[in-house]
Amino acid sequence: MGFFRTARQGKRDDAELGKGLWRRANDRFTRGLDRYHQVLDGVDDDALYAELVEIANELFELAARVRAICVEAQRRSPSDGLDIPGALAGVHRSLSTAGNSLATTAEAAAMLRLAVGPVPAGAESVRRRAEAVQEHVRDAERRLNEAPAGN
């Protein structure tokens, strides 16, 4: 059953995201979310876990927005390769930076998980990085809305 669901999702992704840079941007963000959730599995401190789960939920809500940006970008500038279309270069840059920031957010959460003893600031370092991810997604949305619709 899982195999067929995965195959259907892959075809849907091909249709909506193409096989080029917009698909890669979406997939990179999804992998970052997966990494963050994997880090959560090893958190023993209940208070820290609760903070990290709250941040995880906020990041998860961004996934649908990132996908919508990538679907619209693919509609405007179809991509089956890695060439970045000039009119949407800023959108791609913001999505790429969001993916990088999400990876550093997962890394910060992993560092907290490995901390010895109580963590005085809680998940503040993770929260700051998650806010950067949110800002980059908002920037990608803004740039997409400002880009000419014809490209």
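What counts, and at which threshold
Residues numbered from 1 in each chain as written. Predicted model: local features only at pLDDT ≥ 70, side-chain atom pairs only at ≥ 80, totals over all residues. Heavy atoms only, no water. Helix = DSSP H or I, 4+ residues; strand = E, 2+ residues; numbered from the N terminus. Buried < 20%, exposed > 50% of the residue type's maximum accessible area, 1.4 Å probe, protein only. Contact = heavy atoms within 4.5 Å. Areas by Shrake-Rupley, 256 points an atom, 1.4 Å probe, with all protein chains shown as cover. Axes fitted to C-alpha atoms, helices over the stretch in contact; angles between N-to-C directions. Parallel < 35°, antiparallel > 145°, perpendicular 65-115°, else oblique. Left-handed = near helix turned anticlockwise from the far one by under 90°. Patch = residues over 30% accessible without salt bridge, like charges linked within 9 Å, V, L, I, M, F, W, Y side chains within 5 Å. Salt bridge = Lys/Arg side-chain N within 4 Å of Asp/Glu carboxyl O. Lys, Arg positive; Asp, Glu negative; His and termini not counted. Charge placed at Lys NZ, Arg CZ, Asp CG, Glu CD.

### Observations concerning the overall build of the chain
- Each helix and strand in the chain was counted, giving 5 helices and 0 strands.
- Mapped from its N terminus to its C terminus, the chain presents α and β elements in the order α-α-α-α-α.
- A total of 151 residues make up the chain; the buried ones form 40% of that total.
- Across the chain, the fraction of contacts at a sequence separation of at least 24, relative to all contacts at a separation of at least 6, is 81%.
- Approximately 8,600 Å² of the chain is accessible, and the part contributed by carbon and sulfur atoms is 52%.

### Looking at the packing of helix α3 (residues 46-76) against helix α4 (residues 89-113)
- Two numbers describe how α3 lies on α4: the axes approach to 12 Å, and their chain directions differ by 165°. For the element pair α3 / α4, the angle class is roughly antiparallel. For α3 against α4, the interelement crossing comes out left-handed. Residues L48, L52, L59, V66, I69 and C70 of α3 form the contact with α4, whose own contacting residues are V91, L95, L102, T105, A109 and L112.

### Describing the side chain of H92
- Tracing the backbone shows H92 in helix α4.
- Ignoring anything within four residues of it in the chain, the contact list for H92 reads L21, W22 and I84.

### Remarks on a negative patch on the surface
- Together, D44, D45, D46, E51, E124 and E131 give the surface a local cluster of negative charge.
- Taken together, the elements giving at least two residues each to the negative patch come down to α3 and α5 (124-146).
- The topology assignment puts E131 in helix α5.

### A short note on a positive patch on the surface
- Together, R24, R28, R31 and R35 make up a positively charged patch on the protein surface.
- Positionally, R28 belongs in helix α2 (residues 21-40).

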